[in-house]
Amino acid sequence: MAAAKLIVVNGLKFEGWMARLIKSSGTKATVATATTGVKPLEAEDDHDHGKKGHAHGHDHGSLDPHAWQSVANAKVYVANIRDALAKADPDGQASYAANATRYLAQLDAVEGEIKAAVARIPADRRKAITSHDAFGYFVKAYGIQFSAPQGVST
């Protein structure tokens with residue numbers, strides 16, 4: 001990290017420890033935030049944010065940082081990372097742009113696959129149980145209900 005030119009972070013308080021690590025590394029790197037431009041969701045009340053009694057116990061604050069769970073947001077990540085790489089390494093700009101363009105097209109295809117798969121599931125059966133309440137963006141984008149029972153831990 002000390003020799004890095006660029007550090008990419010998720011943001012939205014996902015990496016609460018990252019600022020301390022960056023500082024202690026002594027790096028002069030540019031820090032780019034992948035979630036810049038994402039409209040954050042408020043964390044669900046039952047999302048485990050280090051509240052006493054929660055099994056998982058990590059604190060992201062009041063915003064849900066798991067923004068990559070929707071393809072639209074993943075595309076924002078790609079654009080932010082592409083732009084940060086091009087700024088850090090102008091000689092590689094054409095390569096970063098071409099790779100991002102290819103990846104964005106793949107993400108468009110994935111979004112189509114997700115929507116088609118969800119459409120095949122009857123609306124009243126679009127439910128999943130998970131051990132971590134991290135799918136708010138997926139729920140909003142694709143309409144599957146996720147439940148993370150308290151006491152179940154990753």
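Since we're looking at a predicted model, the values are computed, not measured.

A. Main features of the overall build of the protein. Looking only at helices and strands, the protein features four helices and six strands. Along its sequence from the N terminus, the protein presents helices and strands in the succession β-α-β-β-β-α-α-β-α-β. The 154 residues of the protein split such that 33% are buried. Look at the contacts in the protein between residues 6 or more apart in sequence, and 54% of them connect residues 24 or more apart. For the protein, the accessible area works out to roughly 9400 Å², and carbon and sulfur atoms hold 55% of it.

B. Fine view of the environment of A4. Relative to the helices and strands, A4 is located in the segment before β1 (6-9). By relative accessible area, A4 is classed as partly exposed at 26%. Residues A4 and K28, spaced 24 residues apart in sequence, show a C-alpha to C-alpha distance of 7.6 Å. Those residues within four positions of A4 in sequence are excluded, and the remaining contacts are T27 and A29.

C. Focus on the pairing of β1. Looking at chain direction, β1 and strand β2 (residues 30-33) are connected through four bridges and run parallel. Paired with V8 across the bridge in β2 is A32. Once you follow β1 into helix α1 (residues 18-25) and on to β2, the crossover reads as right-handed.

D. The arrangement of the packing of helix α2 (residues 71-88) against helix α3 (residues 93-119) in detail. Relative to each other, α2 and α3 sit at 175 degrees, their axes nearing to 10 Å. The angle between α2 and α3 falls in the class roughly antiparallel. Only Q93, Y96, A97, A100, Y103, L104, L107, D108, V110, E111 and I114 of α3 make contact with α2, whose side of the interface consists of V71, A72, A74, K75, V78, R82, L85 and A86. In the contact of α2 with α3, the residues fall into 14 nonpolar, one polar and four charged.

E. Looking closely at unusual backbone geometry. One non-glycine residue with positive phi stands out, namely L12, at about 55 degrees. Assignment of secondary structure puts L12 in the loop between β1 and α1. Its identity as a non-glycine residue notwithstanding, K13 has a phi of 65 degrees, on the positive side. Within the element layout of this structure, K13 appears in the loop between β1 and α1.

F. Expanded view of the packing of aromatic side chains. In this structure the tally under the stated criterion is four aromatic pairs. Their ring planes at 85 degrees and their centres at 5.4 Å tell us that F14 and W68 sit as a pair that is edge-to-face. Note that F14 is positioned in the loop between β1 and α1 and W68 in the loop between β4 (63-64) and α2, a separation of 54 residues in sequence. Here F14 falls in the partly exposed class, since its relative accessible area comes to 31%. Among the residues examined, W68 registers a relative accessible area of 34% and is labelled partly exposed. Ring geometry for F138 and Y142: centres 4.8 Å apart, planes at 55 degrees, overall tilted.

Parameters and conventions
Residues numbered from 1 in each chain as written. Predicted model: local features only at pLDDT ≥ 70, side-chain atom pairs only at ≥ 80, totals over all residues. Heavy atoms only, no water. Helix = DSSP H or I, 4+ residues; strand = E, 2+ residues; numbered from the N terminus. Buried < 20%, exposed > 50% of the residue type's maximum accessible area, 1.4 Å probe, protein only. Contact = heavy atoms within 4.5 Å. Areas by Shrake-Rupley, 256 points an atom, 1.4 Å probe, with all protein chains shown as cover. Pairing = 2+ DSSP bridges. Right-handed = clockwise from strand over helix to strand, strands pointing away. Axes fitted to C-alpha atoms, helices over the stretch in contact; angles between N-to-C directions. Parallel < 35°, antiparallel > 145°, perpendicular 65-115°, else oblique. Nonpolar A, V, L, I, M, F, W, Y, C, P; charged D, E, K, R; others polar. Phe/Tyr/Trp six-rings, centres within 6.5 Å; stacked < 30°, edge-to-face > 60°.

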